[in-house]
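Structure assessment
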Amino acid sequence: MFHHLPILLMQSPSRLPTAQSLDEFEAEIIELKSDFEKTKMIVYPEIHLCRAEGTRAERKKMYYEAAEPLDGPRGQRLAKIAKENNIWLIPGTVIEKGEGDDIYCTAVVYSPEGELVTSYRKCFPWRPFEPFKPGNELNVFDIPGFGRVGLCVCYDIWFPEVIRQLSWMGADLILNLVQTSTCDRSKELILLQAQAIMNQVYIASVNASAPAGTGESIIIDPEGNIRAKSPGVSDFILTDVINTDEVRKVREYGVCALNRTWAQFLPDDKPLKLPIYENGEINPLTWEARKR
């Protein structure tokens, strides 16, 4: 059985959080499905539907005004769009209203049945520039007939524990939703490639186009090879078909048929203490990536 996922990464500018923007967004999804009939997943950048502008204080005000519970009107509309177009829809991140004054930068995933399958609150907001409260849980979700997908948002990739943990949780593909508008996108590309190699996992990173972002969206395979990459900062649609059998192959035989990082330890090896995590350790008995 083939384990294929036809995917679109939409390198697009962000939109203001208005009813008109949602109408335009829905019209775009319908057009994409008419052109890419076999596509099963469409992914947008960070804060795609919740653009904020101006000074830090002005952006914060706009984010608070855009915040909604995930089951609010915006979420209901997005679920309907996913169902009517029979796709897995990741519309970037939205601004989620939490308890009290807390707001989160939250990635949401809608199934072809129109269900909110999972949500992920960005664990590493880019401080001090972002007013979001950090999440405290990493999530994966399963796509029947394909495999397991993990989520991370922008600055998360600067912390290797995020990708390592998602990979250990069995992710075959990790989606990285980004709105990087600064000169460090070139560094992010290096981090993404290195993380894919170290964790033997697909990584698809979609950045906003200008003026919200610097583009350079990318898809990397479990050996660190670049499968597809946008050429610059302009609007761009990145297409690919992800094959999770490649993940199984690389984890079985190693990167370059040599390096089997998930099979490094023997059962009788002593745990490796990691003082940075207080009582944390790498335990040979729990090191292997989880099987589905």
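Look a little higher up for the structure.
Residues numbered from 1 in each chain as written. Predicted model: local features only at pLDDT ≥ 70, side-chain atom pairs only at ≥ 80, totals over all residues. Heavy atoms only, no water.

**Thoughts on the packing of helix H1 (residues 19-35) against helix H3 (residues 73-85)**
A pair of packed helices is captured by two measures, namely the crossing angle of their axes and the spacing between those axes. For clarity, the cut-off: In this analysis, axes come from line fits to C-alpha atoms, helices being fitted only over the stretch in contact, and the angle between any two N-to-C directions falls in the range 0 to 180 degrees. Helix and strand definitions follow DSSP, with helices as H or I runs of at least four residues and strands as E runs of at least two, each counted in order from the N terminus. Comment on the angle field: the value is read as roughly parallel under 35 degrees, roughly antiparallel over 145, roughly perpendicular from 65 to 115, and oblique elsewhere. By definition, turning the near helix anticlockwise from the far helix through less than a right angle yields a left-handed crossing, and turning it clockwise yields a right-handed one. Contacts are assigned to residue pairs with any non-hydrogen atoms lying within 4.5 Å of each other. In this classification, the charged set is Asp, Glu, Lys and Arg, the nonpolar set is Ala, Val, Leu, Ile, Met, Phe, Trp, Tyr, Cys and Pro, and all remaining amino acids, among them Gly, are polar.
Following both chains from N to C, one finds H1 and H3 inclined at 15°, their axes separated by 10 Å at the closest point. As far as their axial angle goes, H3 and H1 are roughly parallel. The element H1 and its partner H3 pack so that their crossing is right-handed. Residues Leu22, Asp23, Phe25, Glu26, Ile29, Ile30 and Lys33 of H1 lie in contact with H3, whose contacting residues are Arg74, Arg77, Leu78, Lys80, Ile81, Glu84 and Asn85. Class assignment for the residues of the contact of H1 with H3 results in six nonpolar, one polar and seven charged.

**Overview of the pattern of salt bridges**
Note the cut-off: A carboxyl oxygen of Asp or Glu within 4 Å of a side-chain nitrogen of Lys or Arg is what we treat as a salt bridge. Only protein chains enter the accessibility calculation, which uses a 1.4 Å probe; a residue is then buried when its area is under 20% of its type maximum, exposed when over 50%, and partly exposed in between.
Inspection of every chain in the model, using the stated rule, returns 17 salt bridges. Put simply, Arg15 and Glu28 hold a salt bridge, and the shortest N to O gap is 3.0 Å. Highlighted residues: Arg15 in the loop between strand E1 (4-11) and H1 and Glu28 in helix H1, separated in sequence by 13 residues. We classify Arg15 as buried; its relative accessible area is 13%. The salt bridge partner of Glu130 is Lys122, with a shortest N-O separation of 2.9 Å. Accessibility assignment for this pair places Glu130 and Lys122 in one class, buried. When salt bridges that share partners are traced, they join Arg15, Glu24 and Glu28 into one network.

**Examining the packing of aromatic side chains**
Cut-off, in case you're wondering: Centres within 6.5 Å make a pair out of two Phe, Tyr or Trp rings, where for Trp the six-membered ring is used; the pair is then stacked when the planes are under 30 degrees apart, edge-to-face when over 60, and tilted otherwise. In this scheme, Lys NZ or Arg CZ marks a charge over a ring once it lies within 6 Å of the ring centre and within 35 degrees of the ring normal.
Scanning the model with the defined rule gives nine aromatic pairs in all. Ring centres 6.2 Å apart and planes at 40° place the aromatic pair Tyr155 and Trp158 in the tilted group. Owing to a relative accessible area of 31%, Trp158 belongs among the partly exposed residues under this scheme. Judged by centre distance (5.6 Å) and plane angle (85°), the rings of Phe265 and Trp287 are edge-to-face. Taken together, the positions of Phe265 in the loop between helix H6 (245-253) and strand E14 (272-273) and Trp287 in the segment after strand E15 (281-282) put the pair 22 residues apart, joining distant regions of the chain. The aromatic ring of Tyr104 is capped on one face by Arg121, whose charged end is 3.7 Å from the ring centroid.

Fair warning: the whole summary comes from geometry, so function is off the table for now.
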